[in-house]
Amino acid sequence: MKRFLSLVLALIMICSLSVTAFADSPNPDNQNSGGIPLSEEIIEQIAIEWAASTNPEVDMQVSDVIKLYGYDNNLCGASVSYVSNGTPYGYVVLDFSTDCIVTEYVIEEGAHNICDAILENAGVEISVRANIEQTAKIYRTTPFNYAVSLEVNGVKSFYDSQKGNISIQEFNAERDIYDAGKQSRTTPVGHWGDIIIGSIPSGYTTVDSLSKLSTTSSLTEAEIERDVKKYACVVQAMANVAKQSGLLKNNSIVDTYNYLWDKSGTTVDKVENGITYGSTKFNKMGSSLVALAKSLGKKNSSYSNSSSPTYDTFKNAVSAGKSSIFAAGVEYTDGTRVGHAVSVVGNRSAKDSSGKLYQYIYIADGWYSTLRYICISDTQYFKDTYSTVLTFK
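Residues numbered from 1 in each chain as written. Predicted model: local features only at pLDDT ≥ 70, side-chain atom pairs only at ≥ 80, totals over all residues. Heavy atoms only, no water.

Participant: Just give me the short version of the overall build of the protein, but keep the residues and values in it.
Facilitator: The helix and strand inventory of the protein stands at twelve helices and 20 strands. Across the protein, every contact between residues at least 6 apart in sequence was considered, and the portion connecting residues at least 24 apart equals 67%. (Helix = DSSP H or I, 4+ residues; strand = E, 2+ residues; numbered from the N terminus. Contact = heavy atoms within 4.5 Å.)

Participant: Which residues make up the state of the cysteines, and what values go with them?
Facilitator: Within this structure, the stated rule accounts for one disulfide. Residue Cys100 pairs covalently with Cys375 via a disulfide, S to S 2.1 Å. The S-S bond linking Cys100 to Cys375 shows a torsion near 115 degrees; that makes this disulfide right-handed. With Cys100 in the loop between β4 (87–95) and β5 (101–106) and Cys375 in strand β19 (residues 372–375), this residue pair connects regions lying 275 residues apart in the sequence. Accessibility expressed as a relative area gives 3% for Cys100, which makes it buried. (Disulfide = S-S within 2.5 Å. Buried < 20%, exposed > 50% of the residue type's maximum accessible area, 1.4 Å probe, protein only.)

Participant: I'd like a rundown of the packing of helix α9 (residues 233–244) against helix α11 (residues 285–295), residues and numbers included.
Facilitator: Taken N-terminus to C-terminus, the directions of α9 and α11 make an angle of 40 degrees; their axes are 11 Å apart at the nearest point. One element, α9, and the other, α11, form an angle in the oblique class. Read as a crossing pair, α9 and α11 show a hand that is right-handed. Along the contact surface, α9 presents Val234, Met238, Val241 and Ala242, while α11 presents Met285, Ser288, Leu289 and Leu292. For the contact of α9 with α11, a count of residues per class yields seven nonpolar, one polar and no charged. (Axes fitted to C-alpha atoms, helices over the stretch in contact; angles between N-to-C directions. Parallel < 35°, antiparallel > 145°, perpendicular 65-115°, else oblique. Left-handed = near helix turned anticlockwise from the far one by under 90°. Nonpolar A, V, L, I, M, F, W, Y, C, P; charged D, E, K, R; others polar.)

Participant: Just give me the short version of the pattern of salt bridges, but keep the residues and values in it.
Facilitator: Under the defined criterion, the tally for this structure stands at eleven salt bridges. As a salt-bridge pair, Asp378 and Arg140 come within 2.7 Å of each other at their nearest N and O atoms. Of this pair, Asp378 sits in the loop between β19 and β20 (384–391) while Arg140 sits in strand β6 (residues 136–140), placing them 238 residues apart in sequence. Like Asp378, the residue Arg140 is buried in the burial classification. (Salt bridge = Lys/Arg side-chain N within 4 Å of Asp/Glu carboxyl O.)

Participant: I'd love a proper account of the side chain of Glu221, names of residues and values included.
Facilitator: Its place among the elements puts Glu221 in helix α8 (residues 221–228). Although Glu221 is buried, it makes no salt bridge; Lys270 carries the closest opposite charge, 8.5 Å away. Discounting chain neighbours no more than four positions away, the residues touching Glu221 are Gln162, Tyr231, Gln236, Tyr277, Gly366 and Trp367. (Lys, Arg positive; Asp, Glu negative; His and termini not counted.)

Participant: Please set out the sheet that holds strand β12 (residues 230–231) residue by residue, giving values where relevant.
Facilitator: Pairing within the open sheet is mixed, and its three strands lie in the order β12-β14-β13. Sheet topology places β12 and β13 (267–272) at the edges, where each strand pairs with a single neighbour. For β12 and strand β14 (residues 275–279), the ladder comprises two bridges, and the chain directions are parallel. Across the sheet, the residue bridging to Tyr231 is Tyr277, located in β14. (Pairing = 2+ DSSP bridges.)

Participant: Account for the packing of aromatic side chains, naming residues and giving values.
Facilitator: The tally for this structure, following the rule as stated, stands at 15 aromatic pairs. Consider the rings of Tyr105 and Tyr360, whose centres lie 5.2 Å apart with planes at 85 degrees: the pair is edge-to-face. Of the two residues, Tyr105 sits in strand β5 while Tyr360 sits in strand β18 (residues 357–364), which places them 255 residues apart along the sequence. Taking relative accessible area as the criterion, Tyr105 reaches 2% and is therefore assigned buried. (Phe/Tyr/Trp six-rings, centres within 6.5 Å; stacked < 30°, edge-to-face > 60°.)

Participant: Explain α8 to me, and be specific about the residues and the numbers.
Facilitator: Considered for burial, the residues of α8 that qualify are Glu221, Ile224, Glu225 and Val228. Taken around the axis of α8, the buried residues stretch over an arc of 100 degrees, which confines them to a single face. The exposed residues of α8 that point more than 90 degrees off its buried face are Ala222 and Arg226. Elements that come into contact with the buried residues of α8 comprise β12, α9, α10 (253–263) and β14. Backbone geometry just downstream of α8 places Lys229 in the positive-phi region, at approximately 65 degrees. (Arc of directions from axis to C-beta.)

Participant: How would you sum up the pairing of strand β8 (residues 155–160)? Please name residues and give values.
Facilitator: Bridging between strand β7 (residues 146–152) and β8 involves six bridges; their strand directions are antiparallel. By the bridge assignment, Leu150 is partnered in β8 with Ser157. As consecutive antiparallel partners, β7 and β8 are separated by two residues, and within that stretch Asn153 has a phi angle of approximately 55 degrees, a positive value. Here β8 runs beside strand β9 (residues 164–166); their pairing, made up of three bridges, is antiparallel.

Participant: Could you give an account of the packing of α9 against α10, naming the residues involved and the relevant values?
Facilitator: For the pair α9 and α10, interaxial distance at closest approach is 10 Å and the crossing angle is 130 degrees. It follows that α9 is oblique to α10 by the angle criterion. In terms of crossing hand, the pair formed by α9 and α10 is right-handed. Note on element contacts: α10 touches α9 through Ile253, Thr256, Tyr257, Leu260 and Trp261, opposite Val235, Gln236, Met238, Ala239 and Ala242. Among the residues forming the contact of α9 with α10, the class breakdown is eight nonpolar, two polar and no charged.

Participant: So what's going on with the pairing of β19? Which residues, and what values?
Facilitator: What you see with β19 is no split at all: Arg372 and Ile374 on one side and Tyr373 and Cys375 on the other are buried throughout. Where β5 lies against β19, two bridges are found, and the strand directions are antiparallel. Bridging across to β19, Tyr105 finds its partner in Tyr373. As defined by bridge partners, β18 adjoins β19 across four bridges and the pair is classed as antiparallel.

Okay, structure coming up:
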């Protein structure tokens, strides 16, 4: 059942937030710890105030609150979707196991929540997706990625933002991320009241207004698979940079994608349904794009790489009109690694009434059709992070 929470009720007084306790069911000891047991109402209040601070001219309401689970299967937050006058208006992801809390959001007309986007891309019928608040759960997986479990008539299915419908074995394997703090959370968390917060964040104000490149590209995996018959996330990020920079081989995204694939030494992981999927080393991003630029007459082009980039890395790049790529890797418990890369096209930051900063990069990610804001400090599960900043001239 949809709930519509008025903006007035959402404006709350207390700032700052920390997670302090977990339990299998609401623990009486936690209720006496001096903290505030999390509730769906509090989640809605935070979501509405965040929306009001980013888009004050639009009257938005909460439509769905879908539970979010971490790599260890503990409830850690929610994906909250918005509507305005009956029209979908984006979402916010709240993860109370992270310092950032507001880890990701998209607030714009027509944008659907992460869960609905994953299910739609997987071909799940709209009649099934209409009840996702009651039937779906969303899980963190690889960098900037999620999986969804959906239970309909007692049958549970699993979906990934890249792979579509997946088996339970694939679902479990892609969330088997190494987490040094995992052993301290051995008791499952399944109820909102198991999460005790110190206080409720409020009073969001803008620090850096959205700054973005004059031209942006957001190619989707679906269109690249259709036209190029290939896909690799690093090549996708490079292709977005190439397109928005006017660097297209033979004025063709197909030729450009193939050039970047070959120049970066992308290796084939598998061929499925006529599509070749590959992996690319992060340290090949800059040199491959510069080679492309020089082949098209930009002889003085260059790049700079950085490990553990900060918000200022991308803020400075955007301010200078330079394209950049953010990449992150995770390590599974068996020692294997997987990563993801996205094109960065903008930045924005805010603070709450306690002075706490919320810093975001605005990204084009081939797995989704809309540009997304992701919190640059939401890196606690990443093994490493990496950036490439490009200069074309």
